[in-house]
Amino acid sequence: MLAGEAVQSLGFGIAVPYMTLYLTGPVGITATQTGVMMLVWTTVSLAGQPLGGVLADRIGRRPIMLGGLAGAGVSAAGLAFVSSFWQVIVVTIAWGTFNSIFEPAAGAYVADVVEPGLRTEAYGLWHVMANAGFAVGPPVGALVIWLTSMRTTYLLAGLAILGYLVIAFRALPESRPESVDEEPPARFREALRDRLLLILAIGTATATFSYAFFEEALPVFLHEERGLAIVTWGLVLGINPILVTLFQYPISRWAARRSSRSVLAAGAVLQGSALALLLPFSSIGALLVAVVVLTAGEMLIAPVSSAVSAELAPERLRGSYQGVINLAWEGAWGPTALIGLWLVGRGQGEVFLALALPVGVFAALLFFFLPRGKLQREPMMVSVEPLRP
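Here is what the cut-offs are and how they apply
Residues numbered from 1 in each chain as written. Predicted model: local features only at pLDDT ≥ 70, side-chain atom pairs only at ≥ 80, totals over all residues. Heavy atoms only, no water. Patch = residues over 30% accessible without salt bridge, like charges linked within 9 Å, V, L, I, M, F, W, Y side chains within 5 Å. Areas by Shrake-Rupley, 256 points an atom, 1.4 Å probe, with all protein chains shown as cover. Salt bridge = Lys/Arg side-chain N within 4 Å of Asp/Glu carboxyl O. Helix = DSSP H or I, 4+ residues; strand = E, 2+ residues; numbered from the N terminus. Buried < 20%, exposed > 50% of the residue type's maximum accessible area, 1.4 Å probe, protein only. Axes fitted to C-alpha atoms, helices over the stretch in contact; angles between N-to-C directions. Parallel < 35°, antiparallel > 145°, perpendicular 65-115°, else oblique. Left-handed = near helix turned anticlockwise from the far one by under 90°. Nonpolar A, V, L, I, M, F, W, Y, C, P; charged D, E, K, R; others polar. Lys, Arg positive; Asp, Glu negative; His and termini not counted. Charge placed at Lys NZ, Arg CZ, Asp CG, Glu CD. Arc of directions from axis to C-beta. Contact = heavy atoms within 4.5 Å. Core = buried A, V, L, I, M, F, W, Y, C linked by side-chain atoms within 4.5 Å. 1 Å grid on protein atoms, 1.4 Å probe; cavity = no way out; pocket = protein on both sides within 12 Å on 5 of 7 lines; lining within 4 Å. Points joined across faces, edges and corners; volume = space filled by probe spheres on them. Polar contact = N/O pair within 3.5 Å; in protein donor to acceptor, adjacent residues only side chain to side chain. Phe/Tyr/Trp six-rings, centres within 6.5 Å; stacked < 30°, edge-to-face > 60°.

Participant: Would you take a moment to explain a nonpolar patch on the surface for this structure?
Facilitator: A contiguous nonpolar patch, built from Leu10, Val136 and Val140 and spanning about 200 Å² of accessible area, is present on the exposed surface. Following the sequence through the fold, Leu10 ends up in helix H1 (residues 2-15). What makes Leu10 partly exposed here is its relative accessible area of 33%.

Participant: Sorry, what's going on with the packing of helix H3 (residues 31-58) against helix H5 (residues 85-113) here?
Facilitator: The description of two packed helices rests on the angle between their axes and on the distance between the axes. Where H3 contacts H5, the axes come no closer than 7 Å and their chain directions differ by 30°. With respect to each other, H3 and H5 are oriented roughly parallel. Viewed along their axes, H3 and H5 form a crossing whose handedness is right-handed. A per-class count over the contact of H3 with H5 returns 15 nonpolar, 11 polar and one charged.

Participant: It is not clear to me how the packing of helix H9 (residues 195-225) against helix H15 (residues 350-367) should be interpreted in this structure. Could you clarify?
Facilitator: Contact geometry for H9 and H15: axes closest at 9 Å, N-to-C directions at 165°. Classed by the angle they form, the pair H9 and H15 counts as roughly antiparallel. As for how H9 packs across H15, the hand of that crossing is left-handed. Its residues placed into classes, the contact of H9 with H15 shows 17 nonpolar, four polar and two charged.

Participant: Looking at this model, I keep getting lost on a positive patch on the surface. Mind explaining?
Facilitator: Taken together, the side chains of Arg58, Arg187, Arg189 and Arg193 define a basic patch exposed on the protein surface. With respect to the element layout, Arg193 can be found in the loop between helix H8 (188-192) and H9. The exposure class assigned to Arg193 is exposed, which follows from its relative accessible area of 61%.

Participant: Would you take a moment to explain helix H10 (residues 230-237) for this structure?
Facilitator: Residues spaced three or four apart along an α-helix point in a common direction, a consequence of the helix completing one turn every 3.6 residues. Among the residues of H10, Trp233, Gly234, Val236 and Leu237 are the ones counted as buried. The arc enclosing the buried residues of H10, seen along the axis, measures out at 165°, which places them on a common side. As for H10, its buried residues are in contact with helix H6 (119-147), H9, helix H11 (239-256) and helix H13 (284-312).

Participant: Please explain the nonpolar core as it appears in this structure.
Facilitator: Among soluble globular proteins, nonpolar side chains are generally buried collectively. Membership of the largest hydrophobic core comes to 52 residues, with the highest contact counts inside it found for Met19, Tyr22, Leu23, Met65, Leu79 and Trp95. Sorting the residues of this core by element identifies H1, helix H2 (19-24), H3, helix H4 (61-78), H5, H6, helix H7 (150-171) and H13 as the ones contributing at least two each. Looking at this core, the element that brings in the most residues is H5, giving 12 residues. In contact with Leu23, not counting residues within four places along its chain, are Gly28, Ile29, Thr34, Met37 and Val88.

Participant: In this structure, what is going on with empty space enclosed by the protein? I would like to understand it.
Facilitator: A probe matching the size of a water molecule, rolled over the atoms, marks out where space remains unfilled. Summed over the entire model, instances satisfying the criterion amount to two cavities of 30 Å³ or more. Considered as a void within the structure, the largest cavity measures approximately 1300 Å³ in volume. Around the largest cavity, the lining is made up of 37 residues, and of these Phe12, Asn99, Glu103, Glu330 and Trp333 lie nearest the centre. Looking at the lining of the largest cavity, the elements with two or more residues in it are H1, H3, H5, H6, H9, H13 and helix H14 (318-345).

Participant: Please explain the side chain of Gln8 as it appears in this structure.
Facilitator: Here Gln8 is to be found in helix H1. Residue Gln8 is classed as buried on the basis of its relative accessible area, which comes to 3%. Leaving out residues up to four positions away in the same chain, Gln8 has contacts with Leu69, Phe102, Ala160, Ile161 and Tyr164.

Participant: Looking at this model, I keep getting lost on the side chain of Asp112. Mind explaining?
Facilitator: Among the secondary structure elements, Asp112 is positioned in helix H5. Taking relative accessible area as the criterion, Asp112 reaches 0% and is therefore assigned buried. Within the structure, Asp112 has its side chain in polar contact with the side chain of Arg61 (distance 2.6 Å). Polar contacts involving the side chain of Asp112 include one to the side chain of Arg318, which spans 2.8 Å.

Participant: Just to check I follow, could you spell out the packing of aromatic side chains for this structure?
Facilitator: Using the criterion set out here, one finds nine aromatic pairs in the structure. Taking 5.7 Å as the distance between ring centres and 80° as the angle between the ring planes, the aromatic pair formed by Phe102 and Tyr164 counts as edge-to-face. Here Phe102, found in helix H5, pairs with Tyr164, found in helix H7; they are 62 residues apart in sequence, far enough to count as distant. Residues Phe102 and Tyr164 agree in their burial class; the two are buried. Connected via pairs of aromatic rings, a cluster forms that spans Phe12, Trp41 and Trp95.

Participant: How should I be thinking about the pattern of salt bridges in this particular structure?
Facilitator: Note on pairing: side chains with opposite charge can pair once their charged atoms come close. Going through the model one piece at a time under the given rule, you end up with five salt bridges. A salt bridge links Asp57 to Arg61; the nearest nitrogen and oxygen atoms lie 3.1 Å apart. Residue Asp57 is classed as buried on the basis of its relative accessible area, which comes to 7%. Residue classification places Arg61 among the buried positions, given a relative accessible area of 1%. Ionic pairing is found between Arg316 and Glu190, a salt bridge with its closest N-O pair at 2.9 Å. Taken as a pair, Arg316 in the loop between H13 and H14 and Glu190 in helix H8 lie far apart in primary sequence, 126 residues in all.

Laid out in structure tokens, this is it:
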């Protein structure tokens, strides 16, 4: 699974950092329309994440993961051929739906096969492999753009996702625990009744504010208002996955021994501080520091939020719980990107930079509604053997 994630993330790294630049450049849509595209992605995720989580709980992890990867790979490659706003929307709906169906099944898979005490480290390793693949992507993407065009990067992204599909088909057996006859079928609303899970999800969604702006609107802001070259942004962004690759695992091990709410709160404040730094300073040095600080916050929030969600989940609802925490990311991402790109289009991108730290502090306060110490509701583990078709 880690190998497949690395391959897929290499494809993402080649294409995703240049998405807003690709859509507002070669495709020819406006910054506001690009923001609408991000909102559409979020909207389909609002349906796809719950659906993927429930299906993973009812049918199994393996078929949902395979179907999601197949659809996402074809859709990503299709983005290379769009030439209008409405074509972008159609491809976005397909890619967003299949990707969001895949994600909660994959998150539940990790919870199935890793014992509770090691889940923070396991999700950290997952994050490491995803970023190790992504780290290679931006400079490769810059080379591909220089040699061919931005459109080629999306063909490569689609092929990378299909590469993960091949790995998953050959090497990932089903991991869903056997259900008890008396158990009712999994329902997503059961997860939504868990007060602690909702606190975790709302805090995570609020903390997503800074990271979504950083990935989607900041490159356009820096390019159009501060004159940063596209290739320079690609190289600077490449620092993020390199840092995650080098430091995520030791940070995850450290975080696994600390209070979950304190670690999450610290991550939210760090992410807000990173963008706030760019309000008064516009040098490359300030941008580098901001990327390092934001990455530190990401390395605290990403594995811990997934691990806490897995620890809270009853065995029969692991997919649904992962769907809720993924909704927190996706549900906040689109609106943040839309508002951020709209402000950038109006020449007011600094507004987001000014709001970043107050929003980060608010997210930290939300996390402190979680109980102290480690949250543990440890379900039974399952053992799986490699399956060869």
